[in-house]
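Now for the letters of each chain:
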Amino acid sequence: YFEAILKKLMGVTCVVSWAPPAGKTWSQASDLLRQRLELLGAKKTGTWSVDCEAYQLQSGSKVLYLVQSSEHPNSCYGILDSGTCITTDTSFEQIMAKLGNYYQPRRGAHTEAKGQRYVLGDNVVKIGAVTVGQATKGLVVEVEFVPSVDPSYCWKGVTSFVRRLLDGSVEIEQQPPVPLDRDGLFKPIDTSKQYVAVFSELRSGKTGT
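Just so we're clear, the structure is a prediction, and the values are computed from it rather than from any experiment. (Residues numbered from 1 in each chain as written. Predicted model: local features only at pLDDT ≥ 70, side-chain atom pairs only at ≥ 80, totals over all residues. Heavy atoms only, no water.)

Asks: Would you mind showing me how to read the packing of aromatic side chains here?
Replies: Aromatic ring pairs are described here by two measures, namely the spacing of the ring centres and the angle between the planes. Counted under the stated rule, the structure contains 2 aromatic pairs. Measuring from ring centre to ring centre gives 6.1 Å for Trp48 and Tyr195, while their planes differ by 50°; the resulting arrangement is tilted. Here Tyr195 lies in helix H5 (residues 188-203) and Trp48 lies in strand E2 (residues 43-57), a separation of 147 residues in the sequence. By relative accessible area, Tyr195 is classed as buried at 1%. For the ring pair Tyr195 and Phe199, a centre distance of 5.7 Å and an interplane angle of 55° mean the geometry is tilted. Of this pair, Tyr195 and Phe199 both sit in helix H5, 4 residues apart, roughly one helical turn. (Phe/Tyr/Trp six-rings, centres within 6.5 Å; stacked < 30°, edge-to-face > 60°. Helix = DSSP H or I, 4+ residues; strand = E, 2+ residues; numbered from the N terminus. Buried < 20%, exposed > 50% of the residue type's maximum accessible area, 1.4 Å probe, protein only.)

Asks: What should I look at first to understand the nonpolar core in this one?
Replies: Nonpolar side chains in soluble globular proteins generally cluster together in the buried interior. In terms of nonpolar packing, the biggest core is built from 27 residues, with Val16, Leu37, Val125, Val141, Val162, Leu165 and Leu166 touching the most fellow members. Those elements that place two or more of their residues in this core are strand E1 (12-18), helix H2 (26-39), strand E7 (111-120), strand E8 (123-132), strand E9 (135-145) and helix H4 (151-165). Broken down by element, this core gets its largest block of residues, 6 residues, from H4. Filtering out sequence-adjacent residues up to four positions away, Val162 remains in contact with Cys14, Val16, Val143, Val170 and Ile172. Counting residues in each nonpolar core, the second largest holds 20 residues, with Tyr77, Ala109, Ile189 and Phe199 among its members. (Core = buried A, V, L, I, M, F, W, Y, C linked by side-chain atoms within 4.5 Å. Contact = heavy atoms within 4.5 Å.)

Asks: Help me understand the pairing of strand E3 (residues 63-69) in this model?
Replies: A regular strand places its side chains so that they alternate between the two faces of the sheet. Across the 7 residues that make up E3, a large majority, 7, are buried. Here E3 shows a buried face lined by Val63, Tyr65, Val67 and Ser69 and a second buried face lined by Leu64, Leu66 and Gln68. Across 7 bridges, the pairing between E2 and E3 is antiparallel. Bridge pairing in E3 places Glu53 opposite Leu66. Where E2 folds back on E3, the antiparallel hairpin that results is connected by 5 residues. Here 5 bridges tie E3 to strand E4 (residues 72-80), and the two strands are oriented antiparallel to one another. When the bridges of E4 are listed, Tyr65 appears paired with Ile79. Between E3 and the antiparallel strand that follows it, E4, lie 2 residues. (Pairing = 2+ DSSP bridges.)

Asks: Before we go on, may I ask you to explain the side chain of Asn123 in this structure?
Replies: Topologically, Asn123 is positioned in strand E8. Its relative accessible area of 12% is what places Asn123 among the buried residues. Look past the residues within four positions of Asn123 in its chain and what remains in contact with it is Tyr118, Val143, Glu144, Phe145 and Phe161.

Read these as spatial facts, not as claims about activity.
Shown next, in the form of structure tokens:
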């Protein structure tokens, strides 16, 4: 029972986009962050990816974002632009295909982030390039504070770590995010919602600086 609950939870995360320092390419900026982490003693633990498909309602302007993550391969997260969110399994993709008369994939909106995963103390740090089609739109950094599922308890510490890692060159909300579930505990869908926001910013040409 408790194992099932733990699988639905994750540590509090902060997901931000990051613009390369002046004179640096996306690749050079990514290498710079990886070197910085390794100097701090972080251990590389593999790769990660997050995939986001946007579906447009045929008869209106509503958009449904479907998010999948390599960290939770058996789950799928649906996030409406109205704020409604659902967690389901990967069969939801097949359901969306059957709803083709109502929802269609938004042209040019498929977005993917992928890169290296590190562990540094109680933190899991992910650095990756964000691509839309074949074009690189920016870099994304995710920091997960594994010991806590309560953002009101640890948000200040998580965001302080992110700012130090990125030399302060990023804007982060001072108020902790409110978990979507009524129990107030942080879950993967809360992280997925952050990715949808960051991807939308990058598609529109904005960055975290």
